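Structure assessment
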Amino acid sequence: MNLHEYQAKELLKKYNVPVQEGIACITPGAAEEAYKQIHTQYGSQFAVVKAQIHAGGRGKGKIAGTEQRGVAVGKNAEDVKQIAQNIIGGTLVTLQTGPAGKVVNKVLVAQDVYYEGPSPVKEFYLSILLDRSKGKNVIMYSTEGGMNIEEVAHNTPEKIFREWVYPGGMLEAFQARKIAFNLGLSGAAFKNCVKFVTNLYNAYVGLDCNMLEINPLFKTSDDKIIAVDCKMNVDDNAIMRHPDIGSLRDITEEDPTEVEAGQFNLNFVKLDGNVGCMVNGAGLAMATMDMIKLSGGEPANFLDVGGTANAQTVEAGFRIILKDPKVKAILINIFGGIVRCDRVAQGVIDAYQSIGNINIPIIVRLQGTNADVAKKLIDESGLKVQSAILLSEAAALVNKAVA
């Protein structure tokens, strides 16, 4: 589950991770008041207005049809109000959103951290995630933080450092010091970085994160180390342990069909192809998608109905797939191990009758428990459903449907 920047920062503060303070706002008037509060509390002359969407590249992105960036600096209360007015309700297009962009419902008005002091400010990059190839968590960091980190990784990969940690253990003190040293820090900044990295890793583990990215990791002019931005993704399977985090879910940032699928306990991911898939089991679903591509089609979705599929869930899956206008055919590939094939077949029939006229080919391959009963149900239903026994037969029918 992805979190907004302002939500992630609040969670980090519980682990004593210093962050750039700010106030989330849903109206331009609230943004103006937030500026006044920040100016009074932190003495910031300027404030940063940041669009809150589940995508990166906000600083370079623009509100569709305007020159307004997704992150901008306001010099006074009126300036902050105007920037918020330009952003809220607009569609922010970044490299990560694609051309469709994302509608901005909230902005974060944050304190200015680029104040003058005895030493120069610096921007770094730091993220923590699981390195599956090594079976360890990895801390990736670089002296080259900021908006161009992707270019740094591509053009100068030697500037990206890595530190691995066993998932069952914690970050060792010498590792935290090594990170601060490689970032070129010394004195108070060095000590503050060691504390920051240690507490950040504790947050990563304690919050069951899949990914935690700080960009920029910022050294202020008085040697404080703070998180100016934060991207956080929490493992969906661990949300049950964090009901407070579960309540932070923003479904407006998610694909509506994926949200609907979740209500029926369907594992659904929307893709860009022309063949809808309904399969039980993630492995079989991946193999089915490969088969569709080899047959000349492109998968329109990943849909795993799981081992408890029944007529209701199958009908729900049908309705979700049919909402995609690109779909030219639907392939149902079920291996009856836990789930009974006749239940799925009945679900197909019920869905067909409930939805009404379905004017695209439906190909059904059922194997395993009660497959013979299922095939009989399909064949005697009188519906325009094509049944297949072998995977090769289903592939041929898909090829014909999308040709």
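Scope of this entry: the structure provided in the associated data block. (Residues numbered from 1 in each chain as written. Predicted model: local features only at pLDDT ≥ 70, side-chain atom pairs only at ≥ 80, totals over all residues. Heavy atoms only, no water.)

1. Here's the deal with the environment of Met232
Among the structural elements, Met232 can be located in strand E14 (residues 231–234). Once the C-alpha coordinates of Met232 and Ala8 are considered, the two residues, 224 residues apart in sequence, prove to be 6.1 Å apart. If we skip the residues at most four places from it in the chain, Met232 touches Met1, Asn2, Leu3, Ala8, Leu11, Leu12, Leu207, Cys209, Met211 and Leu212. (Helix = DSSP H or I, 4+ residues; strand = E, 2+ residues; numbered from the N terminus. Contact = heavy atoms within 4.5 Å.)

2. Here we look at helix H9 (residues 282–294)
Over its 13 residues, H9 extends 19 Å from the first C-alpha to the last, a length consistent with the 18 Å expected when each residue adds 1.5 Å. Taken together, the buried positions of H9 are Ala285, Thr288, Met289, Met291 and Ile292. Angularly, the buried residues of H9 cover 160° about the axis, an arc narrow enough to put them on a single face. Within H9, the exposed residues directed more than 90 degrees away from the buried face are Gly283 and Leu294. Following H9 by one or two positions, Gly296 has its phi on the positive side, about 100°. (Expected span 1.5 Å × (residues − 1). Buried < 20%, exposed > 50% of the residue type's maximum accessible area, 1.4 Å probe, protein only. Arc of directions from axis to C-beta.)

3. Comments concerning the nonpolar core
Counting 40 residues, the largest nonpolar core has Leu12, Leu126, Ile139, Phe196, Leu200 and Met232 as its most contacted members. Of all the secondary-structure elements, those providing two or more residues to this core are helix H1 (5–13), strand E9 (122–131), strand E10 (136–142), helix H5 (173–182), helix H6 (187–206), strand E12 (209–219), strand E13 (225–227) and E14. Broken down by element, the residue count for this core peaks at 9 residues, all from H6. Other than its neighbours up to four places away in sequence, Leu126 contacts Ile139, Met140, Tyr141, Ile179, Val197, Leu200, Leu212, Glu213, Ile214 and Leu217. Ranked by size, the runner-up nonpolar core spans 33 residues in total, among them Phe318, Ile320, Ile332 and Tyr352. (Core = buried A, V, L, I, M, F, W, Y, C linked by side-chain atoms within 4.5 Å.)

4. Regarding the pairing of E12
With 9 of 11 residues buried, E12 is to be regarded as a mostly interior element. As judged from the 7 bridges shared by E9 and E12, these two strands associate in the antiparallel manner. The residue of E12 that forms the bridge with Phe124 is Leu217. Across 4 bridges, the pairing between E12 and E14 is antiparallel. Counterpart to Glu213 in the pairing with E14 is Lys231. If you look at the hairpin formed by E12 and E13, you'll find 5 residues sitting between the two strands, and Asp223 has a positive phi there, around 70°. (Pairing = 2+ DSSP bridges.)

5. Observations concerning the sheet that holds strand E8 (residues 107–111)
The pairing of strands in a sheet comes from backbone hydrogen bonds and takes either a parallel or an antiparallel form. Spatially, 4 strands are ordered E2-E8-E3-E5 in an open sheet, and the strand pairing comes out antiparallel. On the outer flanks of this sheet lie strand E2 (22–25) and strand E5 (71–74), each paired with one strand and no other. For this sheet, the mean angle separating the axes of adjacent strands, direction not counted, is 25°. In this fold H1 packs onto E2, strand E3 (47–51) and E8, with an angle of close to 50° to the strand it touches most, E8. (Axes fitted to C-alpha atoms, helices over the stretch in contact; angles between N-to-C directions.)

6. Focus: the packing of aromatic side chains
With the rule as written, the count across this model stands at 3 aromatic pairs. Relative to Phe161, the ring of Tyr141 has its centre 5.4 Å away and its plane inclined at 20°; by these criteria the two rings are stacked. On the criterion of sequence distance, the pair formed by Tyr141 in strand E10 and Phe161 in strand E11 (residues 160–165) is long-range, its members being 20 residues apart. For Phe161, a relative accessible area of 28% corresponds to the partly exposed category. (Phe/Tyr/Trp six-rings, centres within 6.5 Å; stacked < 30°, edge-to-face > 60°.)

7. Looking at the side chain of Arg365
In this fold, Arg365 is placed in strand E19 (residues 362–368). Despite being buried, Arg365 has no salt bridge partner; Glu393 is the closest side chain of opposite charge, sitting 7.1 Å away. Within the structure, Arg365 has its side chain in polar contact with the side chain of Asn333 (distance 2.9 Å). Here Arg365 is in contact with Ile332, Asn333, Ile334, Ala388, Ile389, Leu390, Leu391 and Ala394, once residues within four sequence places are set aside. (Lys, Arg positive; Asp, Glu negative; His and termini not counted. Salt bridge = Lys/Arg side-chain N within 4 Å of Asp/Glu carboxyl O. Polar contact = N/O pair within 3.5 Å; in protein donor to acceptor, adjacent residues only side chain to side chain.)

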